[in-house]
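Now for the letters of each chain:
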Amino acid sequence: QVQLVESGGGLVQAGDSLRLGCTASGRTFSNYRMGWFRQAPGKEREFVAGISGSGSSTFYADSVKGRFTISRDNAKNTVYLQMNSLKPEDTAVYYCAAHSRAYCIGYGCYGVISLYEYWGQGTQVTVSS
């Protein structure tokens, strides 16, 4: 069992930056690929970014590419999402998630919600215009 706890959400203005964190406990953190997802009111949950267990491989949704950066610190059991140049359309509840699937590539490795075994409770990010 893996427990995930997000932190760092808040209210910011368009153009600002924010860093989310997700701390894991329960199992060997580096064994898990990690993903960030978000869900806006009335919309489906969507993929934002993913990272391999070692941190050497990352994958992003087109909507955040060049603005968001995912990283991890396995010594601290934490994955981060650095969000720059925030837009009002980035407003959502952000969730981190973990899965241990070994053989996968690209979107099939990070963007498929059903792959993920564990989810955090979410943190609200609100971007005002």
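What you see is a predicted model; the values in this text were computed from it and never measured. (Residues numbered from 1 in each chain as written. Predicted model: local features only at pLDDT ≥ 70, side-chain atom pairs only at ≥ 80, totals over all residues. Heavy atoms only, no water.)

A. Local environment of the pairing of strand β8 (residues 78-83). Of all 6 residues in β8, 5 are buried; the element is thus mostly enclosed. Pairing between strand β3 (residues 18-25) and β8: 6 bridges, direction antiparallel. Paired with Gly-21 across the strands is Tyr-80, a residue of β8. In the sheet, strand β7 (residues 68-73) pairs with β8 via 6 bridges, with the strands oriented antiparallel. Opposite Asp-73, over in β8, you have Thr-78 as the bridge partner. Taking the residues between adjacent antiparallel strands as the criterion, β7 and β8 are bridged by 4 residues, where Asn-77 takes a positive phi near 55°. (Buried < 20%, exposed > 50% of the residue type's maximum accessible area, 1.4 Å probe, protein only. Helix = DSSP H or I, 4+ residues; strand = E, 2+ residues; numbered from the N terminus. Pairing = 2+ DSSP bridges.)

B. Local environment of the environment of Thr-126. Following the sequence through the fold, Thr-126 ends up in strand β11 (residues 123-128). On the accessibility criterion, Thr-126 (26% relative accessible area) is partly exposed. Separated by 38 residues in the primary sequence, Thr-126 and Pro-88 have C-alpha atoms spaced 7.3 Å apart. When sequence neighbours within four positions are dropped, the list of residues in contact with Thr-126 reads Gly-10, Leu-11, Val-12 and Thr-91. (Contact = heavy atoms within 4.5 Å.)

C. Representation of empty space enclosed by the protein in the model. The final tally for this structure, using the stated rule, is 1 cavity of 30 Å³ or more. In this structure, the largest cavity encloses a volume near 50 Å³. In this structure, the largest cavity is lined by Val-2, Ala-24, Ser-25, Arg-27, Thr-28, Phe-29, Tyr-32, Met-34, Asn-77 and Ala-98. The class makeup of the residues in the lining of the largest cavity is 6 nonpolar, 3 polar and 1 charged. (1 Å grid on protein atoms, 1.4 Å probe; cavity = no way out; pocket = protein on both sides within 12 Å on 5 of 7 lines; lining within 4 Å. Points joined across faces, edges and corners; volume = space filled by probe spheres on them. Nonpolar A, V, L, I, M, F, W, Y, C, P; charged D, E, K, R; others polar.)

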